[in-house]
Amino acid sequence: MTTHKHVFRNRKERREWARRLQSEDPGLEVIHPHAAGIDVGNSMHYVAVRPDRDSDPVRRFECFTVDLHRLADWLQSCGVKTVAMQSTGVYWIPLYELLEERGLEVYLVNARHTKNLPGRKSDVQESQWLLKLHTYGLLNNSFQPVSEIRMLRTYWRQRGEHVRGAATCVQRMQKALTQMNVQLANVISDISGLTGQTIVRAIVAGKRDPRELAALSDPRVQASREEVAKSLEGTWRSELLFVLKQEVDMYDAYQERITECDQQLQKQLASLKGTVSVDPPKQKNKKPAKNAPRFNLGSELQRITGVDLTRIDGIDVMVAQTLVSEVGLDMSRWKTESHFASWLGLCPDNRISGDKVLSRGTRRVVNRAATALRQAANTLIRSRSYLGAQYRRLRTKLGAPKAITAMAHRLARLVYRMLKHGQAYADKGSQYYEERYRQQQIHLLRKRAAKFGLQIMEMRA
């Protein structure tokens, strides 16, 4: 109170000060004068424009295609150039694509950013509120890749669904075998492999002799034929054999769908323009991923990106394809690599109030690219590379969850640099990292010793 009495001697002076502030700063600046707001719904869309553009500034349109074209025609007749809509379910996708084809700039807004104030319970008020916020530039546009990348993303996500469905069938096969006390999973590593599928399909075909079934195993299987035959003595219950047959058929159906997705994926990748001619990717001495596409995906990715993302330790062709399909090729959408890592949800998000840290951690986001980077970071535990040595040190110091997030952040920055600047990645090796870390620790010890007036003497051999 003493401060206010010292600054404002009376009410007249306070009113004069407020009047001067109002005259110097009359209000928010109009950023988008030709804006519109759309409240997206399942069956109806409510569209609001400025009152000076139409005598009926708020209109309702149904969600049929012909009505969406009427909506776009009305917006263009009103001189609208940019539109803000909320990302409600998947109802916004047809309208977003149509408006984008018409040449309108569409802002896809997170609904969480527009519902912080009370009121506006009706759809009409919601569309007007979106219009007001967008007019003054108070809404952030959510990231959406270009149309070609969205098509690639659709094929890749659908393929992922089929891969997960096939994995579920394998689990049910193993469950049926276990219920029949056929312990095949105890002698071979994976029943979805060559030996496992050969034996399972022979069981479905009617073979029951354990020795005949064991003779079908591949010579590379570590278990002996006697051990395999012993594991194949079961109860052979008819209802469980029926379940096993259905799961095998379902597994084959999923494999056919995966092959179809691979064909469409290859066509879509071939339609994308390449950046520059590059050398063929160097093959790593590592077994390809089990569910990798049945064509040379690495060469296609290197052709369209201009770099080989698989040179980064931990990133294989599956992770690289996920990143390209989710993020795209244009890194200029993010100002810096820090902005890119923040969008992925891999940056610290400390909550601070009153100069006190209330909570620590990263933002909770659902991002397939971030999930792929976390999976890639987790594979660095056995890598004899610079990144592998760094991950093992962080894992010892911070624990596995935080170390995975930190290394995923590191991988995101490397991917950003490679895609935006065309930089090639060269691994310096774990020995270089260990020596560099050792020199850092020696420098830190010298600095601490000098702080206490001590001197470190080096021992010569």
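Small disclaimer: the values here were computed from a predicted structure and weren't measured. (Residues numbered from 1 in each chain as written. Predicted model: local features only at pLDDT ≥ 70, side-chain atom pairs only at ≥ 80, totals over all residues. Heavy atoms only, no water.)

The next point concerns the overall build of the protein chain. A tally of regular secondary structure across the protein chain gives 17 helices and seven strands. Relative to the 2.2 N^0.38 estimate, which gives 23 Å for 461 residues, the radius of gyration of the protein chain is 31 Å and therefore markedly larger than a compact globule would have. In terms of overall dimensions, the protein chain has C-alpha extents of about 100 × 80 × 50 Å along its principal axes. Here the protein chain, with 461 residues, has 40% of them falling under the buried criterion. (Helix = DSSP H or I, 4+ residues; strand = E, 2+ residues; numbered from the N terminus. Rg over C-alpha atoms; globule rule 2.2 N^0.38 Å. Buried < 20%, exposed > 50% of the residue type's maximum accessible area, 1.4 Å probe, protein only.)

This brings us to the sheet that holds strand β3 (residues 58-62). Strand pairing in a sheet takes place through backbone hydrogen bonds and is either antiparallel or parallel in direction. With mixed pairing, the five strands of this open sheet are ordered in space as β3-β2-β1-β4-β5. Of all the strands in the sheet, just β3 and β5 (105-109) have a single pairing partner and so form its edges. Taking each pair of neighbouring strands and ignoring which way they run, the sheet shows an average axis angle of 25 degrees. Sheet topology places strand β4 (residues 82-86) next to β5; five bridges connect them, and they run parallel. Counterpart to A84 in the pairing with β5 is Y107. With respect to the sheet, helix α4 (residues 92-101) is in contact with β1 (35-39), β2 (44-49), β4 and β5, its orientation differing from that of β4 by roughly 170 degrees. (Pairing = 2+ DSSP bridges. Axes fitted to C-alpha atoms, helices over the stretch in contact; angles between N-to-C directions. Contact = heavy atoms within 4.5 Å.)

Below, the discussion takes up the nonpolar core. Of all hydrophobic cores here, the largest spans 52 residues; its most connected members are L269, L309, I312, L344, L373, L387 and L411. Secondary-structure elements contributing two or more residues to this core are α6 (147-179), α10 (238-271), α11 (297-305), α12 (317-327), α14 (368-378), α15 (386-398) and α16 (400-421). With 11 residues, the single largest contributor to this core is α16. Counting 28 residues, the second-largest nonpolar core is a separate cluster that includes I191, V228, L241 and L244. (Core = buried A, V, L, I, M, F, W, Y, C linked by side-chain atoms within 4.5 Å.)

With that settled, consider a positive patch on the surface. The grouping of R11, K12, R14 and R15 at the surface amounts to a positive patch. Looking at R14, the relative accessible area reads 45%, which means it is partly exposed. (Patch = residues over 30% accessible without salt bridge, like charges linked within 9 Å, V, L, I, M, F, W, Y side chains within 5 Å. Areas by Shrake-Rupley, 256 points an atom, 1.4 Å probe, with all protein chains shown as cover. Salt bridge = Lys/Arg side-chain N within 4 Å of Asp/Glu carboxyl O. Lys, Arg positive; Asp, Glu negative; His and termini not counted. Charge placed at Lys NZ, Arg CZ, Asp CG, Glu CD.)

Right, let's talk about α6 for a bit. Spanning 33 residues, α6 covers 48 Å between terminal C-alpha atoms, matching the ideal 48 Å at 1.5 Å per step. Positive backbone phi, at 60 degrees, marks N181, one or two positions downstream of α6. (Expected span 1.5 Å × (residues − 1).)

Oppositely charged side chains can pair when the atoms bearing their charge come close. Evaluated as defined, the whole model comprises 21 salt bridges. Here E337 and R413 are joined by a salt bridge, their closest N and O atoms 2.6 Å apart. Placement of E337 in helix α13 (residues 337-343) and of R413 in helix α16 is noted, with a sequence separation of 76 residues between them. Three or more residues are tied together by salt bridges with common partners; here these are R50, D52 and R53.

Packing of α12 against α14 brings their axes to within 9 Å, and their N-to-C directions diverge by 160 degrees. Classified by the angle between their axes, α12 and α14 sit roughly antiparallel to one another. Judged by the twist between their axes, the crossing of α12 over α14 is left-handed. When α12 is examined against α14, the residues V319, T322, L323, E326 and V327 are found in contact with a partner set consisting of R368, A369, A372, L373 and A376. Residue composition of the contact of α12 with α14, grouped by class: seven nonpolar, one polar and two charged. (Parallel < 35°, antiparallel > 145°, perpendicular 65-115°, else oblique. Left-handed = near helix turned anticlockwise from the far one by under 90°. Nonpolar A, V, L, I, M, F, W, Y, C, P; charged D, E, K, R; others polar.)

Taking burial as the measure, the six residues of β2 include five buried ones, the bulk of the element. Looking at chain direction, β1 and β2 are connected through four bridges and run antiparallel. Paired with A36 across the strands is V49, a residue of β2. Where β1 folds back onto β2 in an antiparallel hairpin, the turn is made up of four residues.

Here the protein chain averages 87 in pLDDT, while 90% of its residues score no lower than 70. Contacts from residues 1-6, a stretch scored under 50 in pLDDT, to residues over four places away or in other chains number one contact. (pLDDT = per-residue confidence, 0-100.)

To continue, consider the side chain of S383. For S383, the location among the structural elements is in the loop between α14 and α15. The class for S383 is buried, based on a relative accessible area of 14%. If near-sequence neighbours (up to four positions away) are discounted, S383 is found in contact with D313, G388, A389 and R392.

Let us look at the side chain of E326. Following the sequence through the fold, E326 ends up in helix α12. Leaving out residues up to four positions away in the same chain, E326 has contacts with F143, P145, R153, R157, R368 and A369.

Turning our attention to the state of the cysteines. Enumeration over the complete set of coordinates arrives at zero disulfides. Of all cysteine sulfurs, the one in C78 lies closest to C63, which takes part in no disulfide; the gap is 19 Å. (Disulfide = S-S within 2.5 Å.)

Among all residues except glycine, the phi angle is most often negative; among peptide bonds, the trans geometry is most common. Non-glycine residue N181 carries a positive phi angle of around 60 degrees. Structurally, N181 can be placed in the loop between α6 and α7 (194-205). A residue is classified by how much of its surface remains accessible, and N181, at 44% relative accessible area, is partly exposed. Of note in this structure, W236 is not a glycine but carries a positive phi near 55 degrees. Among the structural elements, W236 can be located in the loop between α9 (225-231) and α10.

Most of α12 sits inside the fold, with 10 of its 11 residues counted as buried. When α12 is considered as a whole, its buried residues turn out to be M318, V319, A320, Q321, T322, L323, V324, S325, E326 and V327. Where α12 is buried, its residues contact α6, α10, α11, α13, α14 and α16. Taken from the residues just after α12, G328 is the one with a positive phi, measuring 90 degrees.

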